Amino acid sequence: MFLCSNGLSIESCYIFLFAPENFVFLKQTLFSFLSMSLLNNSCDPNCVIVFEGPQLHLRAVREIHKGEELTISYVETMTPSPERQQHLRRQYCFDCDCLMCQSRSKDADMLAGDEQAWKEAKEVINTMGASKSQEEWEQVLVKCRTLLKNNVARLPDTNIYQLKVLDLAMDACINLGLLEEALLYGNRTLEPYRFYYPGFHPLRAVQMMRVAKLQYSQDLFPQALETLKQAYDIMKVTHGTEHSLVCDLMMLKDDCEASMPLG
Ligand SMILES: C[S@@+](CC[C@H](N)C(=O)[O-])C[C@H]1O[C@@H](n2cnc3c(N)ncnc32)[C@H](O)[C@@H]1O
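Residues numbered from 1 in each chain as written. Predicted model: local features only at pLDDT ≥ 70, side-chain atom pairs only at ≥ 80, totals over all residues. Heavy atoms only, no water.

- In the annotation of an unreviewed UniProt entry, the entry for the protein reads SET and MYND domain containing 3, and the organism field reads Salvator merianae.

Thoughts on the packing of aromatic side chains
Between two aromatic rings, the relevant description is the distance of the centres plus the angle of the planes.
So, step 1. Inspection of the entire model under this criterion finds 6 aromatic pairs.
So, step 2. Centroid distance Trp 118 to Tyr 161: 5.6 Å. Interplanar angle 15°. Geometry classified as stacked. One end of the pair, Trp 118, is in helix 6 (residues 115–127); the other, Tyr 161, is in helix 8 (residues 160–175), with 43 residues separating them in the sequence.
So, step 3. Trp 118 gets classed as buried once you look at its relative accessible area, which sits at 11%.
So, step 4. Residue Tyr 161 is classed as buried on the basis of its relative accessible area of 6%. (Phe/Tyr/Trp six-rings, centres within 6.5 Å; stacked < 30°, edge-to-face > 60°. Helix = DSSP H or I, 4+ residues; strand = E, 2+ residues; numbered from the N terminus. Buried < 20%, exposed > 50% of the residue type's maximum accessible area, 1.4 Å probe, protein only.)

Quick look at helix 9 (residues 179–196)
Because the α-helix completes a turn every 3.6 residues, residues three or four places apart line up on one side.
So, step 1. Helix length check: helix 9 (18 residues) gives 25 Å between terminal C-alpha atoms against 26 Å at 1.5 Å per residue, within 8%.
So, step 2. Leu 190 marks the point of greatest bend in helix 9, at about 30°, and the proline Pro 192 comes within the next four residues.
So, step 3. The set of residues buried in helix 9 consists of Glu 181, Ala 182, Leu 183, Tyr 185, Gly 186, Thr 189, Pro 192, Tyr 193 and Tyr 196.
So, step 4. Residues of helix 9 that are buried sit in contact with helix 5 (107–110), helix 7 (134–150), helix 8 and helix 10 (202–217). (Expected span 1.5 Å × (residues − 1). Bend = angle between axes of the 7 residues up to and from the residue. Contact = heavy atoms within 4.5 Å.)

Given below as structure tokens:
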């Protein structure tokens, strides 16, 4: 009952409780969850939580003054404020009055462009499940290509549904081994990600790392190095230099450097 009364990551908590390989972490995990569940929400938080295997790490993403409250975001911040607020009200029973919600900052950008076009895109996205088989990914890619073609002059890449289509198209291409095409979509996501996840945001860094891997796969070593460098600058804050993802990043950086033409 006590666990259920805390809003944060309860589903993940059950996974930890029932996974035998995690018993050894139980005490520290429970402590982590319980202390992290004291954190309140802000849609522009000063902390993030990142996973490292079975552990949760709470990391500050900007300078925090003595006495200032630590906050995390309970919701995906790349969501218009009425939707965020509705989710927070339904799931966590409070009205969010953070600065982002008060100013409705970026709402207009999220839904910019032709309303009918983004509503269609939203509908199509909602019908796509978590694809697994080759055939399903092929179907996803066909739908994404059609939407992107039809919406060239109707939606900017900063429209969140257009951005989700680009992300899905990128995933589908990666799963189908179409890496050159995946990179085209990935490149288009970087600027909107920078806009919606400014400063130090783990999702932006991870997206940059995905794009860097695609650049590397296309032998675009200087570009991949630059993207990795930018991702590292974010990840050293959001993940910390010891995090396994940052170690992966450093290995990719070494591979890139080793592949660069001499001179
Ligand atoms: C995970 S708990 C957070 C810790 C809780 N404030 C406490 O003192 O134990 C989630 C609950 O905190 C409250 N809460 C979190 N963020 C809030 C915010 N920005 N404004 C008002 N209430 C908030 C809501 O009641 C929510 O259901």
